[in-house]
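Residues per chain, in single letters:
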Amino acid sequence: MNASVTVPAPAKVNLFLAVTGRRADGFHELVSVVAPLVWGDELKVETRDAKRGSGDALECDSTEVPVDDANLVLRAAREFRAATGWSGAAAFSLKKRIPVGAGLGGGSSDAAAALRGLNEIAGRPLAEERLAAVAAKVGSDCALFLCGGPVAMRGRGERVGKLAEKAKARVSGRRVLVFKPAFGISTAWAYRRLAESRAAGVDPAEAEARLAKWAGGEAAAEELIFNSLERPAFGKFPALPLMLERLRRDFGLAAGMSGSGSACFVLLRDDSPVEAMTAAIRRAWGNSSFVVETRLA
């Protein structure tokens, strides 16, 4: 009988994302506070029966998602095998809910879920620290999804650190409305466009000081919201800033874009009129727009 495990693969939002420079390897340095959501994809991982063929296999319920070697799930399997010497093969079945091209970390989260699932069915050969190191090899922000809550992220995204408990408490459990227009934004395009602009980044000391002030104070998560990548995204896609400004004005809520977009989010209060907000988004962006209410993990 095949070993089998089903692993959640949550989406994320960047409450704070300061791009602080470009590295020699072509990646960008950043300082970010990232919060996984309690909503996202779901990945089933099971050992693959020899009768079903050799090697790893991936199936997905969305035709938008590649199921070949371009998918980070299969790359994660290769890195896991290289790190552990595990000789088995896995069949992956992905239930896709996180939109593609959204800046919500769907591909990276799926890869992290694959690593968790493989580690489980292989008998847990990797401790959490080693599993995080393997995740960092798969993708820049994969490791954050192994932490289970809001974190501070640095480097190209591979350096993940815990927030102080008081700071974490001001983020965890917050209600959030996540929404996305029909179009997506390429992460590579957003970073390239930012690099080409005159305001290519935030001073590293300034970014760290802003984060330290918030983490060491009492300010709510609303006071933290910032994203360097809004500049290039908003310049090309004015529908994004127009909607965020409308939600701030009409509902008095803090809003921002996650990652490289095009998904945005609003931090909700207990009395926030979610139905009215959803209706406003769909009137402006059409019924094909994506909207989900959830919580920060």
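Our structure is the block above this text.
Before going into details, it helps to say that this report is about the structure given with it.

Examining the overall build of the protein
Secondary structure assignment for the protein yields nine helices and 11 strands. Since a compact globule built from 297 residues should have a radius of gyration of about 19 Å, the 19 Å found for the protein is in line with a globular shape. Contacts in the protein between residues far apart in sequence, at least 24 positions, make up 73% of those at least 6 positions apart. Split by element, the accessible area of the protein, about 13,500 Å² in all, is 50% carbon and sulfur. Across the protein, the mean location of the 41 positive side-chain charges is 2 Å away from that of the 34 negative side-chain charges.

Section: the packing of helix α1 (residues 72–84) against helix α2 (residues 106–121)
At a minimum axis distance of 8 Å, the contact between α1 and α2 shows a crossing angle of 40°. On the basis of their axis angle, the class for α1 and α2 is oblique. Two packed elements cross with a definite hand, and for α1 against α2 that hand is right-handed. Across the interface between the two elements, Leu 72, Val 73, Ala 76, Ala 77 and Phe 80 from α1 touch Gly 107, Ser 108, Asp 110, Ala 111, Ala 114, Leu 115, Leu 118 and Asn 119 from α2. Its residues assigned to classes, the contact of α1 with α2 shows nine nonpolar, three polar and one charged.

A word on the sheet that holds strand β9 (residues 255–257)
If you trace the four strands from one edge of the open sheet to the other, you get β9-β10-β7-β11, paired in antiparallel fashion. Looking along the sheet, the strands with just one partner apiece sit at the ends: β9 and β11 (290–295). Each strand of the sheet is rotated relative to its neighbour by a mean of 20°, with strand direction disregarded. Strands β7 (175–180), β10 (264–267) and β11 of the sheet are contacted by helix α9 (residues 274–285), whose axis makes an angle of about 10° with β7.

A few points about the packing of aromatic side chains
Per the stated rule, a full pass over the model turns up six aromatic pairs. Taking 5.5 Å as the distance between ring centres and 35° as the angle between the ring planes, the aromatic pair formed by Trp 39 and Phe 290 counts as tilted. In this pair, Trp 39 is assigned in strand β2 (residues 28–47) and Phe 290 in strand β11, connecting sequence segments 251 residues apart. Residue class for Phe 290 comes out partly exposed when judged on its relative accessible area of 22%. When the ring of Phe 183 is compared with that of Phe 237, the centres are 4.6 Å apart and the planes differ by 20°; the resulting orientation is stacked. One end of the pair, Phe 183, is in the loop between β7 and α5 (187–196); the other, Phe 237, is in the loop between α7 (230–236) and α8 (239–251), with 54 residues separating them in the sequence. Taking relative accessible area as the criterion, Phe 183 reaches 28% and is therefore assigned partly exposed. Among the residues examined, Phe 237 registers a relative accessible area of 16% and is labelled buried. Aromatic rings pair up to connect Phe 183, Trp 189 and Phe 237 into one cluster. The aromatic ring of Trp 214 is capped on one face by Arg 170, whose charged end is 4.6 Å from the ring centroid.

As for the side chain of Arg 175
Locating Arg 175 in the fold gives a position in strand β7. Of the residues examined, Arg 175 reaches a relative accessible area of 13% and is grouped as buried. At 2.6 Å, the side chain of Arg 175 and the backbone oxygen of Arg 269 are in polar contact. Side-chain polar atoms of Arg 175 contact the backbone oxygen of Asp 270, separated by 3.4 Å. Excluding anything up to four places from it in sequence, Arg 175 contacts Val 266, Leu 267, Leu 268, Arg 269, Asp 270, Ser 272, Val 274, Glu 293, Thr 294 and Arg 295.

A word on α8
Compared with the 18 Å implied by 1.5 Å per residue over 13 residues, the 18 Å span of α8 between its first and last C-alpha is a close match. All buried positions along α8 are accounted for by Leu 240, Met 243, Leu 244, Leu 247 and Phe 251. Angular distribution of buried residues about the axis of α8 spans 100°; they occupy a single face of the element. In α8, the exposed positions angled more than 90 degrees off the buried face are occupied by Leu 242 and Arg 249. On its buried face, α8 sits against β7, α7, β9, β10 and α9. Of the residues trailing α8, Gly 252 is marked for its positive phi of about 65°.

Section: the side chain of Thr 294
Residue placement: Thr 294 occurs in strand β11. In contact with Thr 294, other than residues within four places in its own chain, are Leu 37, Val 38, Trp 39, Arg 174, Arg 175, Val 176 and Val 178.

Procedures and definitions
Residue numbers here run from 1 along each chain, matching the order of that chain's written sequence. Side-chain atom pairs in this predicted model are given and counted only at pLDDT of 80 or more, local residue features only at pLDDT of at least 70, and totals for whole chains, interfaces and linings cover all residues. With hydrogens and water set aside, each side-chain value is computed from the structure's full complement of heavy atoms. Working definition: helices are DSSP H or I runs of at least four residues, strands are E runs of at least two. Numbering for both runs from the N terminus. Our radius of gyration looks at C-alpha atoms and nothing else; its globule reference is 2.2 Å times the residue count to the power 0.38. Here, two residues are considered to be in contact whenever any of their heavy atoms come within 4.5 Å of each other. Each accessible area is a Shrake-Rupley result for a 1.4 Å probe, and residues are judged covered by the shown protein chains and nothing else. Counted as positive: Lys and Arg. Counted as negative: Asp and Glu, with His and the chain ends omitted from the count. Taken as the charge centre is NZ of Lys, CZ of Arg, CG of Asp or CD of Glu, depending on the residue. Fitting a line to C-alpha atoms yields each axis, with helices limited to the stretch in contact; the angle taken between N-to-C directions then spans 0 to 180 degrees. For this classification, under 35 degrees means roughly parallel, over 145 means roughly antiparallel, 65 to 115 means roughly perpendicular, and everything else is oblique. Crossing handedness is read from the near helix: turned anticlockwise from the far helix by less than a right angle, it gives a left-handed crossing, and turned clockwise, a right-handed one. Polarity classes work like this: nonpolar for Ala, Val, Leu, Ile, Met, Phe, Trp, Tyr, Cys and Pro, charged for Asp, Glu, Lys and Arg, and polar for all others, with Gly in that last group. We treat two strands as partners when DSSP finds at least two bridges between them. Note on ring pairs: Phe, Tyr and Trp rings are taken, using the six-membered ring of Trp, and paired if centres are within 6.5 Å. Classes follow the plane angle, with under 30 degrees stacked, over 60 edge-to-face and the rest tilted. Throughout, exposure labels follow a simple rule: accessible area from a 1.4 Å probe, protein chains only, divided by the maximum for the residue type, with under 20% read as buried, over 50% as exposed, and the rest as partly exposed. For a lysine, the NZ atom is tested; for an arginine, the CZ atom; a charge sits over a ring if that atom is within 6 Å of the ring centre and within 35 degrees of the ring normal. Polar contacts, as counted here, are pairs of nitrogen or oxygen atoms within 3.5 Å of one another; within protein the pair requires one atom able to donate a hydrogen and one able to accept it, and residues that are adjacent in sequence qualify only if both atoms are side-chain atoms. A helix is expected to span 1.5 Å for every residue after the first. Working definition: the arc comes from the directions between the helix axis and the C-beta atoms, pointing outward to the latter.

These figures capture arrangement, not role.
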